[in-house]
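Each chain is listed here by its residues.
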Amino acid sequence: MRFYLYSITHVDPSDAKKQRGSFAAAFVVHEDRWKLEIEDDKRKELMEKVEGWRKALEEAAGLGGMILQNETNG
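No experiment lies behind these values; they were computed from the predicted model shown.

Rules and cut-offs
- Residues numbered from 1 in each chain as written.
- Predicted model: local features only at pLDDT ≥ 70, side-chain atom pairs only at ≥ 80, totals over all residues.
- Heavy atoms only, no water.
- Phe/Tyr/Trp six-rings, centres within 6.5 Å; stacked < 30°, edge-to-face > 60°.
- Helix = DSSP H or I, 4+ residues; strand = E, 2+ residues; numbered from the N terminus.
- Buried < 20%, exposed > 50% of the residue type's maximum accessible area, 1.4 Å probe, protein only.
- Contact = heavy atoms within 4.5 Å.
- Expected span 1.5 Å × (residues − 1).
- Arc of directions from axis to C-beta.

(A) View of the packing of aromatic side chains. Within this structure, the stated rule accounts for one aromatic pair. Centroid distance Trp34 to Trp53: 5.8 Å. Interplanar angle 50 degrees. Geometry classified as tilted. Of this pair, Trp34 sits in helix α2 (residues 22-35) while Trp53 sits in helix α3 (residues 40-61); the two residues are 19 residues apart in sequence, bridging distant segments of the chain. What makes Trp53 partly exposed here is its relative accessible area of 36%.

(B) Summary view of the side chain of Glu31. If you trace the backbone, Glu31 turns up in helix α2. Its relative accessible area of 17% is what places Glu31 among the buried residues. Residue contacts for Glu31: discarding those within four places in its chain leaves Met47, Val50 and Arg54.

(C) Structural context of α2. Taking 1.5 Å per residue, 14 residues should reach 20 Å; α2 reaches 20 Å between its end C-alpha atoms and fits that length. Where α2 is concerned, the buried positions are Phe23, Phe27, Glu31 and Trp34. The arc enclosing the buried residues of α2, seen along the axis, measures out at 70 degrees, which places them on a common side. Counted as exposed and oriented over 90 degrees from the buried face of α2: Ser22 and Val29.

Structure (structure tokens):
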């Protein structure tokens, strides 16, 4: 069994889950760059990769956890 620990800092967790703000911008950068891929098969593969990242981020951000806001020692 594997355990994963992830940390999303200095952002609203819902921004990660709903992929808003800097998360949305990062995905757009990849998608825009890969839309220019000449080979259709390669472009499709790369866009599927981005979609996989989106799903993984949404799933990870939806996991229960502790939200520390404005904590000086946290």
